[in-house]
Amino acid sequence: MLEKFNSFFFDDSKKNFNITSDSVPWFLISCLKKYNLVSFLCNDNKELEELYNKLKVLCPNEVVLLFPSFDCPLFSNISPTNQNKASRIKTLSELSNLNTKRVIVLFTMESIFTNIIPLNTLKNKQLVINSSKDFGKYSREKIISFLEKNSYSRVDTVRQRGEYSIRGGILDVFSPSQKFPVRIDFFSSEIESIKSFDIVTQLSFLSIYSTNFIPASEILINESSIQNFRTKFRELKVRNKDEYYESISQGIAIDGVELFLPLLYENLENFLNYIIGF
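Participant: Would you take a moment to explain the pairing of strand 9 (residues 190-197) for this structure?
Facilitator: On a regular strand, one side chain projects to one face of the sheet and the next to the other, so that they alternate. Sheet topology places strand 8 (residues 182-187) next to strand 9; six bridges connect them, and they run antiparallel. Paired with arginine 183 across the two strands is lysine 195, which belongs to strand 9. Counting the residues between successive antiparallel strands, the hairpin from strand 8 to strand 9 contains two residues, one of them, serine 188, with a positive phi of roughly 65°. Bridge count for strand 9 against strand 10 (residues 204-208) is four bridges, and the pairing is antiparallel. Looking at strand 10, one finds that isoleucine 194 is bridged to isoleucine 208. Hairpin connection between strand 9 and strand 10: a loop of six residues separates the two successive antiparallel strands, and glutamine 202 in this loop has a positive phi of roughly 65°.

Participant: Where do I start with the environment of asparagine 270 in this structure?
Facilitator: Tracing the backbone shows asparagine 270 in the segment after helix 8 (261-264). The class for asparagine 270 is buried, based on a relative accessible area of 19%. For asparagine 270 and arginine 88, which are 182 residues apart along the polypeptide, the C-alpha to C-alpha distance reads 13 Å. In this structure asparagine 270 touches Ile112, Asn115 and Ile116, once residues within four positions along its chain are discounted. At 3.0 Å, the side chain of asparagine 270 and the backbone nitrogen of leucine 272 are in polar contact.

Participant: Can you help me understand the pattern of salt bridges in this one?
Facilitator: Charged atoms that come close allow side chains of opposite charge to pair. With the rule as written, the count across this model stands at six salt bridges. The shortest N-O distance in the salt bridge between arginine 102 and glutamate 62 comes to 3.0 Å. Placement of arginine 102 in the loop between helix 3 (82-96) and strand 3 (103-108) and of glutamate 62 in the loop between helix 2 (45-58) and strand 2 (63-67) is noted, with a sequence separation of 40 residues between them. Taking relative accessible area as the criterion, arginine 102 reaches 28% and is therefore assigned partly exposed. Given a relative accessible area of 7%, glutamate 62 falls into the buried group. Across the salt bridge formed by arginine 88 and glutamate 218, the nearest N and O atoms sit 2.7 Å from each other. Separated by 130 residues along the polypeptide, arginine 88 in helix 3 and glutamate 218 in the loop between strand 11 (211-213) and helix 6 (223-236) bring together distant segments of the chain. Just as arginine 88 is buried, glutamate 218 falls in that class too.

Cut-offs applied
- Residues numbered from 1 in each chain as written.
- Predicted model: local features only at pLDDT ≥ 70, side-chain atom pairs only at ≥ 80, totals over all residues.
- Heavy atoms only, no water.
- Pairing = 2+ DSSP bridges.
- Helix = DSSP H or I, 4+ residues; strand = E, 2+ residues; numbered from the N terminus.
- Buried < 20%, exposed > 50% of the residue type's maximum accessible area, 1.4 Å probe, protein only.
- Contact = heavy atoms within 4.5 Å.
- Polar contact = N/O pair within 3.5 Å; in protein donor to acceptor, adjacent residues only side chain to side chain.
- Salt bridge = Lys/Arg side-chain N within 4 Å of Asp/Glu carboxyl O.

Okay, here's the thing in structure tokens:
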């Protein structure tokens, strides 16, 4: 795809470049041609989204990952939007299991001010179906177990990323890594077919043979994280947040749970650790 930009010349003898906001996408494409792994710091989420849209117009087939800051007030009982959470976890998962040779990562100043889930926690934390030959490897129970352990919410009708529903032998899943949700049809406990479907009409429109599921969010509530949370919550003598102590202790994530992300993991990391080598 980048061949059409072969006329671009990147002079790496220069140490400083004077570029305008309109020329940033072209500059990043030039860098991508030479370095393959490129990261760029944006001022805020608005600039990040605008730059992403421009890059996808110029080179739609290239991988561009977004790591926005949370779009909700810190230290509040409000959770980020579903789209914000999906963009963040998709980027973290991709960087933890990087298997692409060329990628641009966009992040914001604010997103590096808060520590995040450790990189090793997300490494190999995927369920990947590469072809129809893999259909026999994954039973209905195995897929559901993965979803339950990785913060997916069970609902009646799947409409947002991070949700799944079960209706008889049909399992609907919307992974943050996918553009469309998938409908898995089982015969007994083995996969018979996988199709993409529309969240509005709920109708299937395309048979597919490969898909992958990643964690639904950065908040992974399991035995280890619950134990970490309970211990640190008591050590810090947190007050007026008893509802969170009760819900997380029971393995339930409620709105605003992102406030306690630092208490869930043993060792947190900064986003910059995810892009070492860029």
